[in-house]
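In case you want the letters, here they are:
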Amino acid sequence: MTETPAKGVITISHTRAGGTLVEGSQKGDGVFELIRPHGFRFFRSLGQLGVQQSRDKAAQRWKINGAAAALREAGWTVEIEIDEDTRRSFRDAEEERYERAEDRTDRFGQYADNAAGRSEAAWKRGREIADGIPFGQPILVGHHSEGRARRDQKRIDDAMRTHIDEGERAGHWAAREKAAAAYKAFRTNPGVTLRRIQKLEADARRVEKWLAGESAGGYHRSDTEELTRRKAELAEELAYWREVIADAERRGFKVWGPADFAKGDFVNRGGTWYQVLRVNKKTLSIPHIFGGVGVPVVRTDPNEKTRGGYTIPYDSVQGWASAEDIARLEATEPEPEEERTECPHCVRVANGQKRFSSARGMCTVCGYAKPQNFKQAPAPAPELAEHQEQAEQAPAVDEQTPAAETCPMCHSTQWHPKARICSHCHHNPRATPTPAPAPAADAGDWQEGMAMVFIVSKNTRRARKRALWAMTRREAQAVCGDSRTSGRSYMLTWSDRPGDEGADWEWVPDNGSLDPVLEDLGITPRREWTAAREAVATATA
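Sequence order as written defines residue numbering, which begins from 1 separately in each chain. In view of the model being predicted, local features appear only for residues whose pLDDT reaches at least 70, and side-chain atom pairs are presented and counted only at 80 or more, with totals across whole chains, interfaces and linings using the full set of residues. In computing side-chain values, all of the structure's heavy atoms are included and hydrogens and water are not.

J.: Explanation requested: the sheet that holds strand E10 (residues 297-298) in the structure shown.
T.: In sheet architecture, strand pairing relies on hydrogen bonds along the backbone and comes in two forms, parallel and antiparallel. Read across the sheet, four strands follow the order E10-E7-E6-E12 without closing on themselves; strand pairing throughout is mixed. Two strands in the sheet have a free side with no partner beyond their single neighbour: E10 and strand E12 (319-321). Criterion used throughout: strands pair if DSSP finds at least two bridges between them. Put simply, DSSP H or I for four residues or longer makes a helix, DSSP E for two residues or longer makes a strand, and each gets a number counted from the N terminus. Note that strand E6 (residues 266-269) and E12 share three bridges and pair antiparallel. Of the residues in E12, the one forming a bridge with valine 267 is tryptophan 320.

J.: Teacher, can you tell me more about helix H11 (residues 473-481) here?
T.: One turn of the α-helix equals 3.6 residues, which is why residues spaced by three or four share an orientation. We call a residue buried when its accessible area falls under 20% of the maximum for its residue type, exposed when it is over 50%, and partly exposed in between, using a 1.4 Å probe and counting protein chains only. Turning to H11, its buried residues are Arg473, Glu475, Ala476, Val479 and Cys480. Buried residues of H11, seen end-on, are gathered within an arc of 155° and therefore sit on one face of the element. Summarising the geometry, the arc corresponds to the directions from the helix axis toward the C-beta atoms.

J.: Just checking my understanding: could you explain a positive patch on the surface for this structure?
T.: Each patch is assembled from residues with relative accessible area greater than 30% and no salt bridge, linking like charges that lie within 9 Å and nonpolar side chains (Val, Leu, Ile, Met, Phe, Trp, Tyr) that lie within 5 Å. Values of accessible area rely on a 1.4 Å probe in the Shrake-Rupley scheme; residue burial ignores everything except the protein chains shown. Every case where a carboxyl oxygen of Asp or Glu lies within 4 Å of a side-chain nitrogen of Lys or Arg is listed as a salt bridge. In this tally Asp and Glu are treated as negative and Lys and Arg as positive; neither His nor the chain ends contributes. For this purpose, a charge sits on NZ of Lys, CZ of Arg, CG of Asp or CD of Glu. A grouping of Arg205, Lys209, Lys281 and Lys282 is seen on the molecular surface, where their side chains present a positively charged patch. Following the sequence through the fold, arginine 205 ends up in helix H6 (residues 190-211).

J.: Teacher, can you tell me more about a negative patch on the surface here?
T.: Taken together, the side chains of Asp92, Glu95, Glu99, Glu102, Asp103 and Asp106 make up a negatively charged region of the molecular surface. Along the polypeptide, aspartate 92 turns up in helix H3 (residues 90-131).

J.: What is the right way to look at the nonpolar core in this model?
T.: Taken as a class, soluble globular proteins show a tendency for nonpolar side chains to be buried jointly. The criterion is simple. A nonpolar core is a set of buried Ala, Val, Leu, Ile, Met, Phe, Trp, Tyr and Cys residues joined through side-chain atoms within 4.5 Å. Counting residues in hydrophobic clusters, the biggest one holds 21 residues, and the most contacted among them are Phe261, Val267, Trp273, Leu284, Val317 and Ile326. Elements with a contribution of two residues or more to this core: E6, strand E7 (272-275), strand E9 (283-287), E10, E12 and helix H8 (323-331). Working rule for contacts: check all heavy atoms of both residues, and any pair within 4.5 Å makes them a contact. Apart from the residues within four sequence positions on either side, phenylalanine 261 is in contact with Trp256, Phe266, Val267, Val276, Val279, Leu284, Tyr314, Val317 and Trp320. Judged by nonpolar contacts, the second largest core, of 16 residues, contains Val22, Leu49, Val51 and Trp76.

J.: Would you mind going over the packing of H6 against helix H7 (residues 224-250) with me for this structure?
T.: Where helices are involved, their axes are fitted lines through C-alpha atoms of the stretch in contact, as for all axes, and angles between N-to-C directions lie from 0 to 180°. For the pair H6 and H7, interaxial distance at closest approach is 9 Å and the crossing angle is 155°. By the angle class used here, H6 and H7 are roughly antiparallel. For the crossing formed where H6 meets H7, the hand is left-handed. Just so you know the grouping, Ala, Val, Leu, Ile, Met, Phe, Trp, Tyr, Cys and Pro go in nonpolar, Asp, Glu, Lys and Arg go in charged, and all remaining residues, Gly too, go in polar. Here the residues of the contact of H6 with H7 are counted per class, giving 15 nonpolar, three polar and eight charged. When an angle is under 35 degrees it counts as roughly parallel; over 145 it counts as roughly antiparallel; between 65 and 115 it counts as roughly perpendicular; any other value is oblique. In this scheme, a crossing is called left-handed if the near helix is turned counterclockwise away from the far one by less than a right angle; it is called right-handed if the turn is clockwise.

J.: What should I look at first to understand the pairing of strand E19 (residues 490-495) in this one?
T.: Each regular strand carries side chains that alternate between the two faces of the sheet. A large share of E19 lies buried, amounting to five of its six residues. When strand E17 (residues 450-457) meets E19, the two strands line up antiparallel, connected through six bridges. Across the sheet, residue methionine 452 finds its bridge partner in E19, namely serine 495.

J.: Help me understand helix H4 (residues 146-181), please; the structure alone is not making it clear to me.
T.: Here the expected span of a helix is defined as 1.5 Å times the quantity of residues minus one. Under the 1.5 Å per step criterion, the end-to-end length of H4 is 52 Å for 36 residues, consistent within 8% with the ideal 52 Å. Among all positions in H4, only Glu146, Asp152, Ala159, Glu166, Ala170, Trp173 and Ala180 are buried. Lining the buried residues of H4 we find H3 and helix H5 (183-187).

J.: Looking at this model, I keep getting lost on the packing of aromatic side chains. Mind explaining?
T.: Within a pair of aromatic rings, the relevant descriptors are the distance that separates the centres and the angle that separates the planes. Note on aromatic pairs: the rings of Phe, Tyr and Trp (six-membered ring only in Trp) are paired at centre separations within 6.5 Å, and the planes decide the class, stacked below 30 degrees, edge-to-face beyond 60, tilted for the rest. In this structure the tally under the stated criterion is 13 aromatic pairs. Centroid distance phenylalanine 90 to tryptophan 241: 5.9 Å. Interplanar angle 70°. Geometry classified as edge-to-face. Taken together, the positions of phenylalanine 90 in helix H3 and tryptophan 241 in helix H7 put the pair 151 residues apart, joining distant regions of the chain. The class of phenylalanine 90 is buried, set by a relative accessible area of 10%. You can call tryptophan 241 buried: its relative accessible area is 1%. On the numbers, 5.3 Å between centres and 90° between planes, the contact of tryptophan 505 with tryptophan 507 is edge-to-face. In this structure tryptophan 505 comes out as buried when scored by relative accessible area, which is 1%. An aromatic cluster of three or more residues is present, and its members are Phe90, Tyr240 and Trp241. Lysine NZ or arginine CZ positioned within 6 Å of the ring centre and within 35 degrees of the ring normal marks a charge as sitting over the ring. Just above the ring of tryptophan 320 sits the side chain of lysine 375; from NZ or CZ to the centre is 4.2 Å. Lying over the aromatic face of phenylalanine 454, lysine 465 brings its terminal NZ or CZ to 5.5 Å of the ring centre.

J.: Explain the pattern of salt bridges to me, please; I cannot follow it from the model alone.
T.: Between side chains of opposite charge, a pair can form as their charged atoms come close. Tallied over the full model, the rule gives 39 salt bridges. Of the charged contacts in the structure, one is a salt bridge between aspartate 203 and arginine 206, with a shortest N-O distance of 2.2 Å. With aspartate 203 and arginine 206 both in helix H6 and three residues apart, this pair spans about one turn of that helix. Given a relative accessible area of 13%, aspartate 203 falls into the buried group. Ionic contacts of the salt-bridge type, sharing partners, join the residues Arg16, Glu84, Asp85, Arg87, Glu226, Arg229, Arg230, Glu233, Glu236 and Glu237 into one network.

J.: How do you make sense of the side chain of glutamate 226 when you look at a structure like this?
T.: Topologically, glutamate 226 is positioned in helix H7. In this structure glutamate 226 comes out as buried when scored by relative accessible area, which is 15%. Ignoring sequence-local partners within four residues, the contact set of glutamate 226 consists of Arg16, Ala58, Glu84 and Arg221.

J.: In this structure, what is going on with the side chain of glutamate 335? I would like to understand it.
T.: Inspection of the secondary structure assignment puts glutamate 335 in the loop between H8 and strand E13 (356-357). One buried charge, glutamate 335, has no salt-bridge partner; the nearest side chain with opposite charge is arginine 340, at 4.8 Å. We define a polar contact as two N or O atoms separated by no more than 3.5 Å, with the added condition that, inside protein, one atom must be a possible hydrogen donor and the other a possible acceptor, whereas residues neighbouring each other in sequence contribute only through side-chain atom pairs. Engagement of the side chain of glutamate 335 in a polar contact is seen with the side chain of serine 357, the distance being 2.6 Å. With sequence-adjacent residues up to four places away left out, glutamate 335 is seen in contact with Arg340, Ser357, Ser358 and Ala359.

Below you can see the structure in the form of structure tokens.
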């Protein structure tokens, strides 16, 4: 067998400071094609071949040995030099990453500006050609101007396509510029850094076990030298990131833990206050939001046994409040709209409306609750509005009040009186409900008062309630309590305070599907709401 003549010497070297690089190769000598299947690529900034993302890491010997074998088979003489002890400090590596991110930001910004300029120039070029053609002028087939008209049509089409393509390219580079500019902020984000520290601590524990000859992660390792180097690197990385957290704490960041919470406290996450159900070692148990979207405060329902909760890690906690702090916030009246500010959560759909109440720390529309740490200072006591002061000065009136305020639609205890929304049926009246007359001393007379029966969908939320019938409270209780009047996707509810017709509710057609139920119960419903007139008559009498 004839031996392949030697072509030259190729050196594959690896250091932790410089990574894996190839020396002795020139463009067109065929080396790149041989080692590319083994994970090597060309670095334009260095003008060399090498392995991507090999710096600050142990040598990937399977790639180096595979590339060396391929080169030797092709007649190259290959020398391998691996030095695992030559490394740079982790701090120097991080500083270089930040510098490269800044360079990328400038470079991608220039790319985006160039592409935007080309897009604008193409649009103007096509526009100038189109402006020279009268509006609606067709191509005159057979006329001497047909050739030029078709060429203009092609130029306009090409210009518009270039305008669109370059605009998309400009958007691509602008997005990459934004990502590169945010690299350092994301890298040093306290929440991300805390999770990174947890991962590095777990890696350090595994290395300690391997060095002790124990199994970790389901297997053993016996490369003591590499494990010793890795142990030193992990210690250096942990020291650096802990310093980042310490600097964030000096700027006001709070590192939360189990000692900061107790059952019944409230935690802010994602702009919503959740009641703490349980304090765990690494997480907090909070109630599931389910239908409470748009509600600033989510509490657990003691009467609800079927719905559980979920857990959140401490690094996602954004604020703390006691039950008293939340009560004071909910009792605070929002300022007039002109004194409010734009809500950071719904600003894109608010059309300039000022919805966020600084006094309550909540949005009056979307329910966004500003993350705050009331451990530093409790929430201020609510200021009494003028009508509240007048009510306190007025003489007390003897009237029967319910034991607990429930939803006026479905009578669930998940009614939030301040937000005026029910987490169970999504009832959210936009206008002040019409107050019902106070129950008479005789309970039987109160049962004969008027009520409105509504049909409610369990899966959709509507702007206005859908009214079916008007009947007495006794009849409404009987109809809504019958198992035949609810299904998988709907249910019947009643209220003696439905609100205003047109604003809060509207009549919907009765298809007669529940007529057998009404016949069995001996009920003849009406399609006219008369509670308001009865209340007036009672007051007059």
